[in-house]
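The chain contents come next:
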Amino acid sequence: MATLVAFHAHPDDEVVLTGGTLAGAVAAGHRVILVTATDGRVSDQDDDTRMDELLSSASVLGVHRVECLGYADSGYGPICYPDPPGRVRFARAEVEAAAQRLAAILRDEDAQLLLSYQPNGGYGHRDHVQVHHVGKRAAELATTPRVLEATMPRELLVRVSNVCRLLRLPAPYDAETVRTAYASQATITHRIDVRAFARQKRDAFAAHRSQIGGGLGACLFGLVMLLPPQVFGLVFSHEWFVDPAAQPGPPRRNIFDL
């Protein structure tokens, strides 16, 4: 059995991009470690809600260990706010210093696989881009054998955006972001079927209630959470990764396949 470390930017990213994969790895007998760069707090006025939600989500997924590097959330949008007193926003963190902290966990766990992000951070979020840089350097420092970068097929996002536009629903990303988001389907090396872990992924999603917001988004979230696991599994059936060191070919079906 192997040990994998999933490195994410914020609480809730672990479910969106890798929830089913983590639950599947646990079920297969692997040791799974979850590390977040930030605690999700943008302001000093924020409480520990997001970390509490992260621990609940990790428990649902069966994660064996949860660590947070403790950086402040940098926020999404054109402005990166000043650092809060006594803390650094992750986007401004020294890559080498942050990588050393992650590398210490990789060494401590003798990790065989690190799950990280692509250079574009998926959709350009500054903290997600920083995850790529820190994760890549940490793997080098710890001599972790393999790195997989969590992603989604860009073509799928285009289809979803088109459907949302037709139904006059809010799309996940604006049209300009979608054009360069995540990865083209041809470059994806691992396509993981996570339907068997739909219940865990759905319930882990539900743990992050503070991120629901209000209005139509909250209504849609509530409807999704009401879906039976079998239906939820059809909607969120796969998770995707890119191995930057892999040769092109048919997508692998297991994250440990070379």
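All of these numbers come straight from a predicted model, not from anything done at the bench.

Analysis parameters
- Within any chain, residue numbers begin from 1 and follow the written order of that chain's sequence.
- Note on the predicted model: pLDDT of at least 70 is required for a residue's local features to be given, and 80 or more for side-chain atom pairs to be given and counted; whole-chain, interface and lining totals, by contrast, use all residues.
- Excluding hydrogens and water, the side-chain figures rest on all heavy atoms present in the structure.
- Grid spacing is 1 Å over the protein atoms alone, the probe is 1.4 Å, and a cavity is where that probe fits but cannot get out, while a pocket is an open set with protein on both sides within 12 Å along at least five of seven lines and lining residues have an atom within 4 Å of a point.
- Grid points are joined across faces, edges and corners, and a volume is the space filled by probe spheres set on the points.
- Secondary structure elements follow DSSP: runs of H or I no shorter than four residues count as helices, runs of E no shorter than two count as strands, and numbering proceeds from the N terminus.
- In this count, Pro and Cys sit with the nonpolar residues alongside Ala, Val, Leu, Ile, Met, Phe, Trp and Tyr, while Asp, Glu, Lys and Arg are called charged and the others, Gly among them, polar.
- Only strands joined by at least two bridges in the DSSP assignment are considered to pair.
- Only C-alpha atoms enter the line fits that serve as axes; for helices the fit covers just the stretch in contact. Angles between N-to-C directions range over 0 to 180 degrees.
- Put simply, angles under 35 degrees are roughly parallel, angles over 145 are roughly antiparallel, angles from 65 to 115 are roughly perpendicular, and the rest are oblique.
- By convention the crossing between two helices is left-handed if the near helix lies anticlockwise of the far one by an angle smaller than a right angle, and right-handed if it lies clockwise.
- It only takes one pair of heavy atoms within 4.5 Å for two residues to be counted as in contact.
- Salt bridges are defined by distance alone: a side-chain nitrogen of Lys or Arg within 4 Å of a carboxyl oxygen of Asp or Glu.
- Using a 1.4 Å probe on the protein chains alone, a residue whose accessible area is under 20% of its type maximum counts as buried, one over 50% counts as exposed, and one in between counts as partly exposed.
- In this analysis, the expected span of each helix is defined as 1.5 Å times one less than the number of residues it contains.
- Think of it this way: the bend at a residue is just the angle between two axes, each fitted to seven residues, one set ending at that residue and the other starting at it.

Student: I'd like a description of the layout of surface pockets, backed by residues and values.
Tutor: By rolling a water-sized probe across the atoms, one finds the places where empty space is left. Of the volumes computed, that of the second largest pocket is approximately 260 Å³. Around the second largest pocket sit 17 residues that line it, and Arg-146, Val-147, Asp-243, Pro-244 and Ala-245 are the ones nearest its centre. Every element with two or more residues in the lining of the second largest pocket is listed here: β4 (113–117), α5 (126–142) and β5 (146–151). Per-element tally for the lining of the second largest pocket: the top contributor is α5, with four residues. For the lining of the second largest pocket, a count of residues per class yields eight nonpolar, three polar and six charged.

Student: Talk me through the sheet that holds strand β2 (residues 31–38); I want residue IDs and the actual numbers.
Tutor: Spatially, β3-β2-β1-β4-β5-β7-β6 is the arrangement adopted by the seven strands of the open sheet, whose pairing is mixed. Across the chains shown, the open sheet's two edge strands, defined by having one partner strand only, are β3 (65–71) and β6 (190–193). With direction set aside, neighbouring strand axes in the sheet form an average angle of 25°. In this structure, β4 lies alongside β5, joined through five bridges in parallel fashion. Paired with Leu-114 across the two strands is Val-147, which belongs to β5.

Student: Would you mind going over the packing of helix α1 (residues 13–27) against helix α8 (residues 198–207) in detail, with residue names and values included?
Tutor: Direction vectors running N to C along α1 and α8 enclose 140°, while the axes themselves pass 9 Å from each other. Relative to α8, the element α1 is oriented oblique. Crossing of α1 over α8 shows right-handed handedness. Residues Val-15, Val-16, Gly-20 and Ala-23 of α1 lie in contact with α8, whose contacting residues are Gln-200, Lys-201, Ala-204 and Phe-205.

Student: Describe in detail the pattern of salt bridges, supporting the description with residues and values.
Tutor: Under the definition given, this model contains 15 salt bridges. The salt bridge partner of Arg-137 is Glu-96, with a shortest N-O separation of 3.0 Å. Taken together, the residues Arg-137 in helix α5 and Glu-96 in helix α3 (residues 95–109) connect sequence positions 41 residues apart. When its relative accessible area of 27% is taken as the criterion, Arg-137 is described as partly exposed. Judged by its relative accessible area of 36%, Glu-96 is partly exposed. Residue Arg-146 is joined to Asp-243 by a salt bridge in which the shortest nitrogen-to-oxygen separation is 3.3 Å. One end of the pair, Arg-146, is in strand β5; the other, Asp-243, is in the segment after β7 (238–242), with 97 residues separating them in the sequence.

Student: How would you sum up α1? Please name residues and give values.
Tutor: The terminal C-alpha atoms of α1, which comprises 15 residues, lie 20 Å apart, in line with the 21 Å expected from a rise of 1.5 Å per residue. In α1, a bend of some 75° at Gly-19 exceeds every other bend along the element. Across the 15 residues that make up α1, a large majority, twelve, are buried. Looking at α1, one finds that the buried residues are Asp-13, Glu-14, Val-15, Leu-17, Thr-18, Gly-19, Gly-20, Thr-21, Leu-22, Ala-23, Gly-24 and Ala-25. One or two residues past the end of α1 sits Gly-29, with phi positive at roughly 95°.

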